[in-house]
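# Fold and geometry: a report
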2 protein chains.
Amino acid sequence: MEIKVVKDILGANEQIAQKNRQLFDSHHVFVVNVMSSPGAGKTSLILETIKRLKGKTRVGVVEGDISSSLDAEAIGKEGVPVVQINTGGECHLDANMTSSALPSVPLKDIELLLIENVGNLVCPAEFTLGENIRVLISSTPEGDDKPFKYPLMFHQADAVLINKVDLLPYLKFDVDAFSKTIRGINQKVKVFPISCTTGEGIDQWVSWLFDQMKKG
Amino acid sequence: MEIKVVKDILGANEQIAQKNRQLFDSHHVFVVNVMSSPGAGKTSLILETIKRLKGKTRVGVVEGDISSSLDAEAIGKEGVPVVQINTGGECHLDANMTSSALPSVPLKDIELLLIENVGNLVCPAEFTLGENIRVLISSTPEGDDKPFKYPLMFHQADAVLINKVDLLPYLKFDVDAFSKTIRGINQKVKVFPISCTTGEGIDQWVSWLFDQMKKG
């Protein structure tokens with residue numbers, strides 16, 4: 001009985017996600033679902049990405065949080081349109097919440113929409129939003145064992161950004177072993193070691209993102 | 001309709017949690033529900049706690065993970081009884097999963113049971129397991145804005161351990177502001193700055209835990 005309800009919800013989610021995707025496609029907007037644990041660096045990555053795309057691509061942002069609008073305020077200062085979704089306790093964004101936010105997103109005026117999901121390495125993996133690609137940020141202080149413990153999230157990512165590499169000298173974290181583990185779960189995934197603090201690797205990530213947008 | 005189902009599940013959870021609690025009480029076992037984001041240091045804290053309680057208190061551990069038994073293996077090496085729960089995708093432990101594990105836990109032989117929840121700052125807060133106290137580990141690299149974004153978890157904690165304070169020189173994290181924010185949400189909470197790497201603050205935490213056990 002319980003399982004049946006969950007299946008119905010997921011089926012409904014997929015249908016709404018497809019409608020979102022049609023709307024994005026009709027406006028030629030490329031959509032990125034940004035996911036991670038709490039505090040891995042989603043907002044910092046979005047800020048760094050916006051800065052590097054200024055004058056090249058018109059960006060919009062949807063901010064998903066259980067509560068507060070701290071991140072949306074930080075992003076609004078960069079002069080890009082930003083819409084806050086407060087999930088009111090829900091541990092992930094879903095296609096319907098995303099759909100509800102879209103009338104407030106100026107889709108005609110943007111080419112790239114970055115959606116920051118709720119900080120959670122489990123539940124967001126189960127709900128597509130209508131995005132073109134899924135990006136997972138996994139930060140070095142979380143440890144290099146995360147792919148073993150949260151395999152679905154790593155399995156479904158198009159790119160994994162290993163954030164906070166500036167902290168590597170102070171941590172036990174084997175970047176090569178971590179990358180190998182991820183590729184064992186997900187052969188197609190792109191892996192970028194980055195630091196939103198020093199800027200390391202951000203240009204490579206943004207360049208790859210730009211290529212994905214061109215491909216559609 | 002959907003909300004009703006969730007309410008029924010939570011009601012059922014509470015009933016099973018009370019039965020778990022009766023079982024723990026009848027064996028004079030004090031139970032701690034250890035929660036945090038992925039990679040904040042739950043297993044490291046449990047290992048450090050076990051080491052300091054050797055010869056003082058007989059400890060058992062229940063390990064909750066979506067998949068893998070890496071943490072249980074690490075804890076088993078300390079010579080304490082450990083039982084692994086693999087949730088098979090579920091993003092939190094609940095009272096029923098805990099109950100299913102208890103026949104494998106030697107309750108007669110232990111005085112303290114540490115339950116490591118799934119790494120998730122959202123969902124575990126909604127499901128009591130029958131524990132005496134809830135401990136939340138919030139690590140410095142996650143940032144000092146977490147109480148604003150995940151208020152329920154901070155609201156329900158009996159103690160918040162600020163882990164990885166050895167990384168403070170390399171991060172923007174204001175321990176005083178963070179502590180003040182937590183106390184704004186939860187006046188009774190105890191806050192311990194700790195490092196499982198250097199050992200800082202662990203004795204204070206263990207001493208407090210020991211006091212809670214005596215109080216029952």
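## Quick notes on the overall build of chain A
A tally of helices and strands in chain A yields eight helices and seven strands. Whereas a compact globule of 216 residues would reach a radius of gyration of roughly 17 Å, chain A reaches 17 Å, a difference of no more than 12%. The C-alpha extent of chain A, read off along each of the three principal axes, is 50 × 45 × 35 Å. In chain A, the proportion of contacts linking residues at least 24 apart, taken out of those at least 6 apart, comes to 74%.

## Some words on the environment of B:L129
Counting through the fold element by element, B:L129 comes out in the loop between β4 (112–116) and β5 (133–139). Sequence-distant contacts of B:L129, that is, excluding residues within four places in its chain, are made with B:A17, B:N20, B:N33, B:L93, B:A95, B:T98 and B:I115.

## A short note on the interface of chain A and chain B
Listed by partner, the interface residues are 29 residues for chain A and 29 residues for chain B. With three residues, helix α5 (residues 146–149) of chain A is the single largest residue contributor to the side of chain A that touches chain B. Among the residues making up the side of chain A that touches chain B, the classes are represented as 15 nonpolar, eight polar and six charged.

## Brief notes about the relation of the copies chain A and chain B
For the pair of chain copies, the relating operation is a rotation around an axis with a shift along it. The two copies are related by a screw motion: chain A maps onto chain B through a turn of 180 degrees and a shift of 0.0 Å along the axis, at an RMSD of 0.0 Å. Such values leave the two copies arranged in the relation of a two-fold axis.

## Describing unusual backbone geometry
Of all residues except glycine, most have a negative phi; of all peptide bonds, most are trans. Despite not being glycine, A:S68 shows a phi value in the positive range, around 80 degrees. In this structure, A:S68 sits in the loop between β2 (59–65) and α3 (70–76). If you check the backbone angles, B:K164 has positive phi at about 65 degrees while not being a glycine. If you trace the backbone, B:K164 turns up in the loop between β6 (159–163) and α7 (175–185).

## A closer look at the sheet that holds β6(B)
Two strands in a sheet stick together by hydrogen bonds in their backbones, pointing the same way (parallel) or opposite ways (antiparallel). All names here are of chain B. A sheet is described by the order of its strands in space; here seven strands give the open sequence β3-β2-β4-β1-β5-β6-β7, paired in parallel fashion. Strands with a single pairing partner mark the edges of an open sheet, and in this sheet they are β3 (82–86) and β7 (190–193). On average, each strand axis in the sheet is tilted by 20 degrees relative to the strand beside it, whichever way the strands run. Both β5 and β6 contribute to a ladder of five bridges, which runs parallel. Within the sheet, the bridge partner assigned to V135 lies in β6 and is A159. Sheet strands in contact with helix α2 (residues 42–53) are β1 (30–36), β2 (59–65), β4, β5 and β6, and its direction is about 165 degrees off that of β4.

## Notes on the packing of helix α2 (residues 42–53) of chain A against helix α8 (residues 202–215) of chain A
Residue and element names in this part refer to chain A. Two elements in contact, α2 and α8, have axes whose closest approach is 10 Å; the angle formed by their N-to-C orientations is 70 degrees. Between α2 and α8, the crossing angle belongs to the class labelled roughly perpendicular. Here α2 contributes E48, T49, R52 and L53 to the contact with α8, which in turn contributes I202, D203 and V206. Looking at side-chain class alone, the contact of α2 with α8 contains three nonpolar, one polar and three charged residues.

## Notes on the sheet that holds strand β6 (residues 159–163) of chain A
All names here are of chain A. Sheet architecture is open: seven strands sit in the order β3-β2-β4-β1-β5-β6-β7, paired in parallel fashion. The sheet terminates laterally at β3 (82–86) and β7 (190–193), the two strands that pair on one side only. In this sheet, adjacent strand axes meet at a mean angle of 20 degrees when their direction is disregarded. Across five bridges, the pairing between β2 and strand β4 (residues 112–116) is parallel. The residue of β4 that forms the bridge with V61 is L114. The strands that α2 touches are β1 (30–36), β2, β4, β5 (133–139) and β6; relative to β4, the one it contacts most, it runs at about 165 degrees.

## Things to note about helix α8 (residues 202–215) of chain B
Given 3.6 residues per turn, any residue in an α-helix points the same way as the ones three and four places further on. Residues and elements named next belong to chain B. In this model, α8 (14 residues) spans 20 Å end to end at C-alpha, consistent with the 20 Å of a helix rising 1.5 Å per residue. Among the residues of α8, those classed as buried are I202, W205, V206 and L209. Angularly, the buried residues of α8 cover 95 degrees about the axis, an arc narrow enough to put them on a single face. Set apart from the buried face of α8 by more than 90 degrees, the exposed residues are D203, S207, D211, K214 and K215. As for α8, its buried residues are in contact with α2, β6 and β7.

## Structural notes on the pairing of β4(B)
Residues and elements named next belong to chain B. The buried fraction of β4 amounts to five of the five residues, a majority that puts the element mostly inside the structure. The pairing of β1 with β4 spans five bridges and is parallel. Within the sheet, the bridge partner assigned to N33 lies in β4 and is I115.

About the cut-offs
- For every chain, the first residue of the written sequence is number 1, and numbering continues from 1 onward in sequence order.
- Whichever chain is written first becomes A and whichever ligand is written first becomes 1, with later ones labelled in order.
- With pLDDT at 70 or above as the cut-off, local features in this predicted model cover only qualifying residues; side-chain atom pairs require 80 or more to be listed or tallied, and sums for whole chains, interfaces and linings still use all residues.
- Per the convention used, a helix needs a DSSP run of H or I reaching at least four residues, while a strand needs a run of E reaching at least two, with both numbered from the N terminus.
- Here the radius of gyration uses the C-alpha set of atoms, whereas the globule reference equals 2.2 Å times the residue count to the power 0.38.
- Here, residue contact means that the backbone-derived C-beta atoms of the two residues sit within 7 Å.
- Side-chain classes are defined by residue name, with Ala, Val, Leu, Ile, Met, Phe, Trp, Tyr, Cys and Pro counting as nonpolar, Asp, Glu, Lys and Arg as charged, and the others, Gly among them, as polar.
- Here the copies were fitted onto each other by least squares, based on C-alpha atoms from residues at pLDDT of at least 70 in both.
- Two strands pair under a simple rule: DSSP has to find at least two bridges between them.
- Only the stretch in contact is used when a helix axis is fitted, and all axes are lines through C-alpha atoms; the angle between N-to-C directions ranges over 0 to 180 degrees.
- Small angles under 35 degrees read as roughly parallel and large ones over 145 as roughly antiparallel, with 65 to 115 read as roughly perpendicular and the rest as oblique.
- Any helix carries an expected span of 1.5 Å times its number of residues minus one.
- To sort residues by burial, count the other C-beta atoms lying within 10 Å of each one's C-beta; a count of 20 or more means buried, 12 or fewer means exposed, and anything in between means partly exposed. C-beta atoms are built from the backbone.
- Taken from the helix axis, the directions to the C-beta atoms give the arc we talk about.

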